[in-house]
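Fold and contact review
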Amino acid sequence: MQNEKLVQKFNRRAWKQEKQREEEASNKWRKRICGSVRGETLEIAVGAGMNYAFLPGDAAYTDVDFSPEMLKGAMAGAKEYRVNAEFILSEVETLSFPANRFDTILSTGSLCCYEDPIRVLNLLNKWCKNEGQILLLEHGLMNRKSFQWLQRQLNPFFFKAFGCHQDRDIIKLVEASRLHIVKYEQAQWGYLYLVWAKPAE
Ligand SMILES: C[S@@+](CC[C@H](N)C(=O)[O-])C[C@H]1O[C@@H](n2cnc3c(N)ncnc32)[C@H](O)[C@@H]1O
């Protein structure tokens, strides 16, 4: 699917995300992963700012999304939650930050979207400082084989409808990238993956 069509899909969903932002302020998994955020932080595919309720106020944020409507939502959210963010409208894949720029890179619910998620993870590896961290909260293949089968069957529908893959094995993807996993946790029958990673030395 071309990115333009994907952008339109996410533009159409932006109002819904904005409405959800309030509810997400009690999401314990977001709270858990965002609790590790520190320093100069890049958030990729920020959406309408669903993590803003949990971000430490003393960090500086660079927030990226390719959907103008999502980014508008994020800007409104940043005002509401007093998040000190600079916004960039761009595909993650075409960004050109210098190497070793960020202390923290945060991605929540974004690895399901990219055509080549390993390429994106390797970009994060490059942009992260050596002593920095990459934090992921992603959904992917569940633990049980029967659920995985169902996820694979439903994947084409989900991708067409929402631009979102349901059948990604998050740990395998991270292991196939240059990142090193420091620790990970799974929740909701394995559907949610929380990953604390660091860049390759
Ligand atoms: C499922 S939403 C997740 C939003 C938010 N991070 C969250 O935790 O709810 C996916 C977001 O990724 C953005 N996105 C998808 N592919 C992208 C890409 N290649 N470059 C930049 N943004 C992208 C979409 O516009 C959308 O805002």
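From a predicted model like this one, the values you see are computed outputs, not experimental measurements.

UniProt records the feature "domain: Methyltransferase type" (unreviewed entry) for residues 42-135 in the present numbering. Along residues 42-135, the helical share is 27% and the strand share 30%, with 10 Å between the first and last C-alpha atoms.

Another point: unusual backbone geometry. The backbone phi angle of Arg82 is positive, close to 55°, even though this residue is not glycine. In this fold, Arg82 is placed in the loop between helix H3 (68-81) and strand E3 (85-89). Phi angles above zero are rare outside glycine, and Asn100 is one such case at about 55°. Positionally, Asn100 belongs in the loop between E3 and strand E4 (102-108).

Moving on to the site of the ligand. Inspection of the region around the ligand gives 19 residues, with Arg30, Ala45, Asp65, Glu93 and Thr108 positioned closest. The separation between a nitrogen atom of the ligand and a polar main-chain atom of Ala45 is 2.7 Å. At 2.9 Å from a nitrogen atom of the ligand is found a main-chain nitrogen or oxygen belonging to Val92. Taking 590 Å² as the accessible area of the ligand by itself, protein coverage stands at 95%. More than half of the atoms belonging to the ligand lie within 2 Å of the grid points that define the largest pocket.

What follows covers the environment of Trp29. Of note, Trp29 is situated in helix H2 (residues 28-34). In sequence terms Trp29 and Tyr193 are 164 residues apart; their C-alpha atoms lie 9.3 Å from each other. Apart from residues no more than four positions distant in its own chain, Trp29 is found in contact with Leu137, Ala187, Gln188, Leu192 and Leu194.

Taken as a whole and assessed by the stated rule, the structure comprises six aromatic pairs. Taking the centre distance of 6.1 Å and the plane angle of 45° together, the rings of Phe10 and Phe66 count as tilted. Residue Phe10 is found in helix H1 (residues 3-24), and its partner Phe66 is found in the loop between strand E2 (61-65) and H3; the two are separated by 56 residues along the sequence. By relative accessible area, which is 9% here, Phe10 ends up buried. A residue is classified by how much of its surface remains accessible, and Phe66, at 21% relative accessible area, is partly exposed. A centroid spacing of 5.2 Å and a plane angle of 90° characterise the contact between Phe97 and Trp127, whose relative ring orientation is edge-to-face. Of the two residues, Phe97 is situated in the loop between E3 and E4 and Trp127 in helix H4 (residues 117-127); the sequence distance between them amounts to 30 residues. The exposure class assigned to Phe97 is buried, which follows from its relative accessible area of 10%. Overall, Trp127 belongs to the buried group, its relative accessible area being 0%. Of the aromatic side chains, those joined through ring pairs into one cluster are Phe97, Phe102 and Trp127.

Calculation notes
Residues numbered from 1 in each chain as written. Predicted model: local features only at pLDDT ≥ 70, side-chain atom pairs only at ≥ 80, totals over all residues. Heavy atoms only, no water. UniProt positions renumbered as here; feature names shortened; annotations may be inferred. Helix = DSSP H or I, 4+ residues; strand = E, 2+ residues; numbered from the N terminus. Near = heavy atom within 4 Å. Polar contact = N/O pair within 3.5 Å; in protein donor to acceptor, adjacent residues only side chain to side chain. Areas by Shrake-Rupley, 256 points an atom, 1.4 Å probe, with all protein chains shown as cover. 1 Å grid on protein atoms, 1.4 Å probe; cavity = no way out; pocket = protein on both sides within 12 Å on 5 of 7 lines; lining within 4 Å. Sits in = over half its atoms within 2 Å of the grid points. Contact = heavy atoms within 4.5 Å. Phe/Tyr/Trp six-rings, centres within 6.5 Å; stacked < 30°, edge-to-face > 60°. Buried < 20%, exposed > 50% of the residue type's maximum accessible area, 1.4 Å probe, protein only.

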